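# Examination of the molecular architecture
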2 protein chains.
Amino acid sequence: MADGMRREIDFLLYDWLRAETLTQSDVFSGQERGDWEAFLDLSGAISWNEFLPCYKIADHEEPFLQDGQVIVQKDLKQALQTYIEAGLHLATVDPENGGMGFPFAVASAAMAELMAANVAGSGFVMLSIANARMIADFGSPEQIAAFAEPQFQGAALGTMCLSEPDTGSSLGDVTTRATPDGEDSLGLRYRIRGRKMWISAGDQDVTGNVIHLVLGKVVQPDGSTVPGPKGTSLFVVPKILPENLGSTRNDVAVAGLNHKMGYRGTPNCLLNFGENDGAIGWRIGAEGDGLRIMFQMMNEARTNVGLGGAAVAYRGYMLARSYASERIQGRPVHDKQIEKPVPILCHPDVRRMLLVQKTISEGALALCLKSAMLCDLLRAHQDPVQKDRARSLLELLTPVIKSWPSEQGLVALHQAIQVHGGYGYTRDFDVEQLYRDSRLNPIHEGTTGIQAIDLLGRKILGDGGASFAVFLDEVRGTVARAGAFPDEAEKLSGLCDLFDGLVRDLLAQNAPADALSNAGAFLDGFGHMVLAWIWLDLAIAAQAATDAAMAEEKRWACRFFYAVEVPKIPGMLALLREQQSLTRDVPDHVLI
Amino acid sequence: MADGMRREIDFLLYDWLRAETLTQSDVFSGQERGDWEAFLDLSGAISWNEFLPCYKIADHEEPFLQDGQVIVQKDLKQALQTYIEAGLHLATVDPENGGMGFPFAVASAAMAELMAANVAGSGFVMLSIANARMIADFGSPEQIAAFAEPQFQGAALGTMCLSEPDTGSSLGDVTTRATPDGEDSLGLRYRIRGRKMWISAGDQDVTGNVIHLVLGKVVQPDGSTVPGPKGTSLFVVPKILPENLGSTRNDVAVAGLNHKMGYRGTPNCLLNFGENDGAIGWRIGAEGDGLRIMFQMMNEARTNVGLGGAAVAYRGYMLARSYASERIQGRPVHDKQIEKPVPILCHPDVRRMLLVQKTISEGALALCLKSAMLCDLLRAHQDPVQKDRARSLLELLTPVIKSWPSEQGLVALHQAIQVHGGYGYTRDFDVEQLYRDSRLNPIHEGTTGIQAIDLLGRKILGDGGASFAVFLDEVRGTVARAGAFPDEAEKLSGLCDLFDGLVRDLLAQNAPADALSNAGAFLDGFGHMVLAWIWLDLAIAAQAATDAAMAEEKRWACRFFYAVEVPKIPGMLALLREQQSLTRDVPDHVLI
């Protein structure tokens, strides 16, 4: 188990993504692969030795509220403190802030192991890293010192407070109000009043302080607020106020905890801001710019949801392949004459289920590390054309990175349970919990339906297909290098033509209602196409991999993906291509 | 809620299946629709008023072991006693045994409501009804009096004891041993020794006695047992011995309870038979005939698993459509200018998710009631040709009835959770539990992989395609009546040709290893074809339904199924049609 993911990670980072090339750029100069390996060693050891042992315990002993304070399961709390003390949360933080300044690709690889070992545990640090980065990028030096540095130093963890009980996917409608309350060294000060829902790690006893980033609306002189996304602003609201305000408790209360199907180790809070005098907060960024700048953190969180989906599916695959090797049962359908029962690995349908898991979990992990690498290239590239290209690709792929591992990770874990038979349905086996934990992924940080609209509406039709053209160009580059895989190259080339034609048609129709009504079908099919590209690209890279066995492994997995998954793509697109108005035309009374 | 399923049930029973025609046969003569309606009224009332209120409680307060006795959650225990006292378990029992002798179609409709309200609760009675029927069909009059009648009278519930810790899907390998122990008025007596795993309601305190049907192997004079399925025999083993043996405890002990993801209200036991002197049991049926006759109960249980999958998905759909009507959020993508947020029912993607649920849950319920009707027709038909036809269809469809609602029910419930957003992931909403409960269905009573081998190996290739030809003939009959649905008729006709060609090819290839290695792909595609047939047949029947609104509802649902699901079928079959040896060819070291 301890090195169960590292072999895969090394292949992806060094053979496929060629992450070492990053060290030639100014941004990562002075770093060496050896630095990253030491970090991955330490992070892996803490993941498997500290977080895995409390995976089940933290599911069973849910966080609870005691005198207004959330208490986290004690072993998980200890593991988190060990993680923070080791400084692992500083991997991508700028050296000027005391961080290591490592590439996202390397940090995401380490995060994947943490997520595979204990995804609920990873939630605390993942959000805090993104929160501190937001403050570092958009805050004043004083705000950084007061609210980001404590997170770097391990004295606080951060949250993201967007949703409200009546406002989930529709964030322009938030009703949290921020009344101007003067100005101090930390900037423009406000009194915040509102209720925030689904706040992961919204309170905890791992660190002394909690730094909330809260989306709200500034109250105008006439008492009104500006409707829609343009009325939103972002506020930093600490649980404990800064020293200049007496280090007292802010007016933020935990109103309750949600009890979830899985992901139970992370407390999920309903927070009341300003039940009394109003919670004190300071604005970050310009008024009306809240949702726009919050998308930096949102995109980071979305990418991490995808990474979690991939990592947890990967762990399920590790468990299933191990069980399939050990469990003795029946005779294979293609050789019923065998006298003694065989390991279930011998049954073709079990082999199929393992290949489903292999292609989903390895493919999703590759996709997520590629997105991290694009973040790094975006920073490393000097050439503005290359920079733009990386940005276009990253933005286009983000909804796929969020949703494909989330949805398909569940498909993989469904098969991980099937491989275990009845045992897999019991709480004695981790696959049961992995499945429950993962069911959150298609929901949080934007449901799959929201990702679909983002992909087709904003990312593809919204820029007239420009980003999509960059993507097609990348894919055709893979096709051009695929001499050793002529069948797959031909199929991928066919997919390029299929989607190129589809996007051109949708642009020409200029009927966004028809297109967006069926964005879900587009996301399904396009997600599979992206993975077809990833798989061919992996198979090509594996032919020259340091680990020679990778060539055969990736070749078979690629072949399976093209044999089983690629043929499903045309069917997925049927609604979009042929019955564009069906879901709108059906009368309400047929549905309810 | 109270009449949430009855409208659908009435349409299926009377307009679609024309169940009233059964009363013209000798088997059901003297019954009237009014009798059935009174039964459905009572059963529905008990389901929704007694079983639904303890749905969550029985999940939260799992059964536990106290002094060797399993204690069932008290409200669920009370609901079960109410159900039994009302005699609802006697619906299909022959009048000569004190039952109502109702058609399976009617009884299954009532069972569907019970399952929708509390599927874990339904498990107790479903197994007992099937157990008592086995004893009534295969036992001697003395065995019936001793072991079936107490179940009819509500003094006992029955179980099915097949799996062992090391023998799940491979029942020919059971190691439970039955040593001959003389003969008495109840027949040939044996001492049973072995461990049985996954025994639902294997012990409980709802009734005083538990009647186990145990699959084991008779110990031969030389101490050996006969290998394989032909070595198996069936034994009835009561928890409390009959009066002639002093009404004392038999040597059957609960060694432990499994703690499951869902379905928690039903205790799932590991039973030790014969830890001391050997449990006393009597053989039912001939020696060596155990697994063969057990298939009657197994098939009934498989059909009920499918029915449970359909019913629970149906309840999820009821909850999702209600939530979608009430929850206000965002503006539809096709009309962003609307000022105020709308019910989420207005969002095309939510409508799509509801249609997915509608087509799966209503289609699966229809399929299951059709199978029950085929059981009834098998008994009612006088003409041997018609009888054979009903038998062929029923046997062919059984693996689809077991697996399609099980797998697709989860797809529907996945969408039911998505419609609820974050709330659907919390234990405050029933969809969370419905999803966990349903995850069992693809596993128990034969995994989906086992159903696939049964379908393609035994039911289709095993009889040279004869049953399949009957099925095609039925489907083409629907096509011939589909004048009002020319597009769907053409597509269904195309599916007939596709599968006809595929089956002919597989028969001609005569390469069972290639075919059976990819039986899973065949089951996926064939299951969807069966539902395409069901949906067109439902749409046709609805045009003349008593409830005129059904015509429009079924027409839209049928159109959606053909627009979204039917196009997926060719892709599902790709592995079987093009890469038959792939899963066998891939080297083991690639998988593990």
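What counts and how
Sequence positions are assigned chain by chain, starting from 1 and proceeding in written order. Both sets of labels track the order of writing: A upward for chains, 1 upward for ligands. Note on the predicted model: pLDDT of at least 70 is required for a residue's local features to be given, and 80 or more for side-chain atom pairs to be given and counted; whole-chain, interface and lining totals, by contrast, use all residues. To get the side-chain values, take all heavy atoms of the structure and skip hydrogens and water. Per the convention used, a helix needs a DSSP run of H or I reaching at least four residues, while a strand needs a run of E reaching at least two, with both numbered from the N terminus. The size measure is the radius of gyration over C-alpha atoms, and the globule rule it meets is 2.2 Å times the number of residues to the 0.38 power. Any residue under 20% of the maximum accessible area for its type is buried, any over 50% is exposed, and the rest in between are partly exposed; the area is computed with a 1.4 Å probe on protein chains only. In what follows, a contact means two residues having at least one pair of non-hydrogen atoms within 4.5 Å. Every accessible area reported is derived by Shrake-Rupley at a probe size of 1.4 Å, with residue values counting cover from the shown protein chains alone. Charge counting follows a simple rule: Lys and Arg are positive, Asp and Glu are negative, and His as well as the terminal groups are ignored. Working definition for charges: the position is that of NZ of Lys, CZ of Arg, CG of Asp or CD of Glu. UniProt positions are given in the numbering used here, feature names are shortened, and annotations may be inferred rather than shown by experiment. Under this definition, polar contacts are N or O atom pairs within 3.5 Å; protein pairs additionally need one hydrogen-donor-capable and one acceptor-capable atom, and for neighbouring residues in sequence, both atoms have to be side-chain atoms. In this entry, domain limits derive from an automatic or database-based domain assignment. When the copies are superposed, the least-squares fit takes in the C-alpha atoms of residues with a pLDDT of at least 70 in both. Stacked, edge-to-face and tilted are the three classes for Phe, Tyr and Trp ring pairs, Trp counted by its six-membered ring, which pair at centre distances within 6.5 Å; planes under 30 degrees apart are stacked, over 60 edge-to-face, the rest tilted. Once two parts are brought into contact, the accessible area they lose, counted with a 1.4 Å probe and summed over both, makes up the buried area. By definition here, a salt bridge exists when the distance from a side-chain nitrogen of Lys or Arg to a carboxyl oxygen of Asp or Glu is within 4 Å. Here the term charged refers only to Asp, Glu, Lys and Arg, the term nonpolar to Ala, Val, Leu, Ile, Met, Phe, Trp, Tyr, Cys and Pro, and the term polar to all other amino acids, Gly among them. Multiply 1.5 Å by the residue count of a helix minus one, and that product is the helix's expected span. Bend at a given residue is defined as the angle between two axes, one fitted to the seven residues that end at that position and one fitted to the seven that begin there. Think of it this way: DSSP has to see at least two bridges between two strands before they count as a pair. Axis definition: a line fit to C-alpha positions, over the contact stretch in the case of helices; interaxial angles, taken between N-to-C directions, run 0 to 180 degrees. Under this scheme an angle from 65 to 115 degrees is roughly perpendicular, one under 35 degrees roughly parallel, and one over 145 degrees roughly antiparallel; angles in between are oblique. Cysteine sulfur atoms are paired as a disulfide whenever they fall within 2.5 Å. A crossing counts as left-handed when the near helix is turned anticlockwise from the far one by less than a right angle, and as right-handed when that turn is clockwise.

## Section: the overall build of chain A
Counting secondary structure elements, chain A contains 20 helices and 10 strands. The C-alpha atoms of chain A give 24 Å as radius of gyration, which agrees with the globular expectation for 592 residues (25 Å, within 12%). Principal-axis analysis of the C-alpha atoms gives chain A an extent of 80 × 60 × 55 Å. Taking all 592 residues of chain A together, the buried fraction comes to 66%. A separation threshold of at least 6 residues defines the contact pool for chain A, and within that pool the share at least 24 residues apart is 75%. When the accessible surface of chain A is split by element, carbon and sulfur atoms take 50% of a total near 19700 Å². Of the side-chain charges in chain A, 53 are positive and 74 negative, and the distance between the mean point of each set is 4 Å.

## Let's talk about the UniProt feature "domain: Acyl-CoA dehydrogenase/oxidase N-terminal" (unreviewed entry) in chain A
In the numbering used here, UniProt assigns the feature "domain: Acyl-CoA dehydrogenase/oxidase N-terminal" (unreviewed entry) to residues 78-149 of chain A. As a span, residues 78-149 of chain A carries 72% helix and 0% strand, and end to end its C-alpha atoms are 21 Å apart.

## Examining the side chain of D15 of chain A
Residue and element names in this part refer to chain A. In this fold, D15 is placed in helix α1 (residues 6-16). A polar contact of 2.9 Å, which involves the side chain of D15, links it to the side chain of T546. Apart from residues lying up to four places away in sequence, D15 is in contact with D10, A541, A544, A545 and T546.

## Some words on the domain arrangement of chain A
Each domain of chain A was delimited in the assignment, giving domain 1 (6-147), domain 2 (157-288) and domain 3 (447-586). Distance between the C-alpha centres of domain 2 of chain A and domain 3 of chain A: 39 Å.

## Remarks on helix α10 (residues 430-438) of chain B
The buried fraction of α10 of chain B is high, at nine of nine residues. Considering only its buried residues, α10 of chain B is in contact with α9 (384-420) and α10 (430-438) of chain A together with α3 (55-60), α5 (104-138), α7 (290-326) and α9 (384-420) of chain B.

## Looking at the UniProt feature "domain: Acyl-CoA oxidase/dehydrogenase middle" (unreviewed entry) in chain A
In the UniProt entry, the feature "domain: Acyl-CoA oxidase/dehydrogenase middle" (unreviewed entry) is given for residues 160-273 of chain A. Strand forms 46% of residues 160-273 of chain A and helix 0%; the C-alpha atoms that close the span are 14 Å apart.

## Some thoughts on the relation of the copies chain B and chain A
Between chain B and chain A, the superposition needs a rotation of 180° and an axial shift of 0.0 Å, giving an RMSD of 0.0 Å. Such a combination of rotation and displacement between the chain copies is what one expects of a two-fold axis. Of the C-alpha atoms belonging to chain B, the one lying closest to the rotation axis is found on K568 of chain B, 3.2 Å away. A share of 100% of interface residues in chain B that are also interface residues in chain A marks the association as one of identical surfaces.

## Quick look at the packing of aromatic side chains
All names here are of chain B. Across all of its chains, the model carries 33 aromatic pairs over all chains by this definition. Ring plane angle 55° and centroid distance 6.5 Å describe the contact between W404 and F561, whose orientation is recorded as tilted. Of the two residues, W404 is situated in helix α9 and F561 in helix α16 (residues 549-565); the sequence distance between them amounts to 157 residues. Taking the relative accessible area as the measure of exposure, W404 reaches 4% and is therefore buried. Between Y423 and F429, the ring centres sit 5.6 Å apart and the planes meet at 55°, which makes this aromatic pair tilted. The exposure class assigned to Y423 is buried, which follows from its relative accessible area of 15%.

## Looking at the interface of chain B and chain A
Tallying the contact residues gives 87 residues for chain B and 87 residues for chain A. Between chain B and chain A, the buried area comes to about 8000 Å², and carbon and sulfur atoms account for 60% of it. Contact with chain A buries surface across chain B, with Y425, R427 and L591 of chain B losing the most and accounting together for 10% of the total. The interface formed by chain B and chain A includes eight salt bridges. Summed over the shared surface of chain B and chain A, the result is 49 residue pairs in polar contact (both at pLDDT 80 or more). For the side of chain B that touches chain A, the residue count by class is 37 nonpolar, 25 polar and 25 charged.

## So, helix α7 (residues 290-326) of chain A
Residues and elements named next belong to chain A. Helix length check: α7, at 37 residues, gives a terminal C-alpha distance of 54 Å against a target of 54 Å (1.5 Å per residue), a fit within 8%. The largest bend in α7 is about 35°, located at Q296. The element α7 is largely enclosed, with a buried count of 29 among its 37 residues.

## Observations concerning unusual backbone geometry
Residues and elements named next belong to chain A. Not every positive phi belongs to a glycine, and Y263 is a case in point at roughly 55°. Looking at the secondary structure, you find Y263 in the loop between β8 (252-257) and β9 (268-273). Given a relative accessible area of 9%, Y263 falls into the buried group.

## Topic: the environment of A482 of chain A
Residue and element names in this part refer to chain A. Relative to the elements of secondary structure, A482 occurs in the loop between α12 (466-480) and α13 (486-509). On a C-alpha basis, the gap between A482 and A541 in space is 9.8 Å, while along the polypeptide they are 59 residues apart. Look past the residues within four positions of A482 in its chain and what remains in contact with it is A489, L536 and I540.

## Let's talk about the pairing of strand β10 (residues 279-284) of chain B
Residues and elements named next belong to chain B. Of all six residues that make up β10, six are buried, and the element is covered over most of its length. The two faces of β10 match: A279, G281 and R283 on one face and I280, W282 and I284 on the other face are all buried. By the bridge criterion, four bridges tie strand β5 (residues 187-200) to β10 in an arrangement that is antiparallel. By the bridge assignment, Y190 is partnered in β10 with G281. Here strand β7 (residues 232-238) pairs with β10 via three bridges, running antiparallel. Within β10, the residue paired with V236 across the bridge is W282.

## Topic: the pairing of strand β3 (residues 156-161) of chain A
Residue and element names in this part refer to chain A. Most of β3 is tucked away: six of the six residues are buried. Every second residue of β3 is oriented toward a common face, with A156, G158 and M160 on one face and L157, T159 and C161 on the other, all of them buried. When β3 meets strand β6 (residues 209-218), the two strands line up parallel, connected through six bridges. For T159, the partnering residue across the bridge sits in β6 and is H212.

## Structural notes on the packing of α9 of chain A against α12 of chain A
All names here are of chain A. The interhelical angle for the contact between α9 and α12, taken along N-to-C directions, is 100°, at an axis separation of 9 Å. Classified by the angle between their axes, α9 and α12 sit roughly perpendicular to one another. On α12, the residues that touch R389, S392, L393, L396 and L397 of α9 are S467, F468, V470, F471, D473 and E474. The residue inventory of the contact of α9 with α12, partitioned by class, reads six nonpolar, two polar and three charged.

## Some thoughts on the side chain of S170 of chain B
Relative to the assigned elements, S170 of chain B resides in the loop between β3 (156-161) and β4 (177-184). By relative accessible area, S170 of chain B is classed as buried at 12%. Dropping the residues within four chain positions of it, S170 of chain B is found in contact with Q329, G330 and R331 of chain A.

## Overview of the pattern of salt bridges
One pass over the structure, following the stated rule, counts 82 salt bridges over all chains. Of the charged contacts, one joins E20 of chain B and R33 of chain B as a salt bridge, the two residues approaching to 3.3 Å between their closest N and O atoms. A residue pair is termed long-range when its members are at least 10 positions apart, and E20 of chain B in the loop between α1 (6-16) and α2 (33-51) and R33 of chain B in helix α2 qualify at 13 residues. Between E164 of chain B and K196 of chain B there is a salt bridge, with its nearest N and O atoms 3.1 Å apart. Highlighted residues: E164 of chain B in the loop between β3 and β4 and K196 of chain B in strand β5, separated in sequence by 32 residues. By the burial criterion, E164 of chain B is buried, and K196 of chain B matches it. Linked through salt bridges whose partners overlap, the residues forming this network are R7, E8, K358, E362, D547, E553 and K554 of chain A.

## Looking at the state of the cysteines
Taken as a whole and judged by the stated rule, the model has zero disulfides over all chains. Left unpaired, C269 of chain A is separated from the closest cysteine sulfur, that of C161 of chain A, by 9.1 Å.

## Let's talk about the packing of α12 of chain A against α13 of chain A
All names here are of chain A. Here α12 crosses α13 at 165°, and the two axes come no closer than 9 Å. Overall, the two elements α12 and α13 adopt an arrangement that is roughly antiparallel. For the crossing formed where α12 meets α13, the hand is left-handed. Contact with α12, carried on its side by F468, L472, V475, R476 and V479, involves A489, L492, S493, C496, D497, F499, D500 and V503 of α13 and no other residues of that element.

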